[in-house]
Amino acid sequence: MTRKSKWIVGAVISVALVGAGTGVAAASGGEEKETPITGSALEKASAAALKHTGGGKVTETEVGDEEGYYEVEVTLKGGKQEDVHLNKHFKVTGSKVEKAEKAGHKD
């Protein structure tokens, strides 16, 4: 293989690798992956969140939330959602009620 051929092959491989990396970054959307709560921690976090909200249904959980050690999303009667933030000892540190989403309407 000539020197020129080696350079061309190297350039093609470099372009392909850069393109593949860009595709992966675009596909991930640049968002961090949320880690759900599991095991006995899920049971304890869910119980604490439901006690705080006075009922509802746990619809999503996350470990390592930016506002607490755990976050438990509870869907309340009427469709509103409340995000309950807990410390690592399952004590409520705060919560936020979000407006109910109307069917077929997205902001």
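Note that the structure is a prediction, hence the values are computed from the model and not measured.

**As for the confidence of the model for the chain**
Looking at the chain, the pLDDT average stands at 78 and 63% of residues meet or exceed 70. Predicted confidence for residues 15–28 stays below pLDDT 50, and this span has one contact to residues more than four positions away or in other chains.

**Observations regarding the nonpolar core**
With 11 residues, the main nonpolar core is built from Ile37, Ala41, Ala45, Ala48, Ala49, Tyr70, Val72, Val74, Val84, Leu86 and Phe90. The element that contributes the greatest number of residues to this core is helix 2 (residues 39–53), accounting for four residues.

**A few points about the pairing of strand 1 (residues 57–63)**
With six bridges joining them, strand 1 and strand 2 (residues 70–75) adopt antiparallel strand pairing. Looking at strand 2, one finds that Val63 is bridged to Tyr70. Hairpin connection between strand 1 and strand 2: a loop of six residues separates the two successive antiparallel strands, and Gly64 in this loop has a positive phi of roughly 80 degrees.

**With respect to the side chain of Thr53**
Among the secondary structure elements, Thr53 is positioned in helix 2. Residue Thr53 is classed as buried on the basis of its relative accessible area of 18%.

**Overview of helix 2**
The end-to-end C-alpha distance of helix 2 is 22 Å, a good match for the 21 Å that 15 residues give at a rise of 1.5 Å each. For helix 2, the secondary structure elements touched by its buried residues are strand 1, strand 2, strand 3 (81–86) and strand 4 (92–98). After helix 2 finishes, the residue Gly54 shows a positive phi value of roughly 80 degrees.

Analysis parameters
Residues numbered from 1 in each chain as written. Predicted model: local features only at pLDDT ≥ 70, side-chain atom pairs only at ≥ 80, totals over all residues. Heavy atoms only, no water. pLDDT = per-residue confidence, 0-100. Contact = heavy atoms within 4.5 Å. Core = buried A, V, L, I, M, F, W, Y, C linked by side-chain atoms within 4.5 Å. Buried < 20%, exposed > 50% of the residue type's maximum accessible area, 1.4 Å probe, protein only. Helix = DSSP H or I, 4+ residues; strand = E, 2+ residues; numbered from the N terminus. Pairing = 2+ DSSP bridges. Expected span 1.5 Å × (residues − 1).

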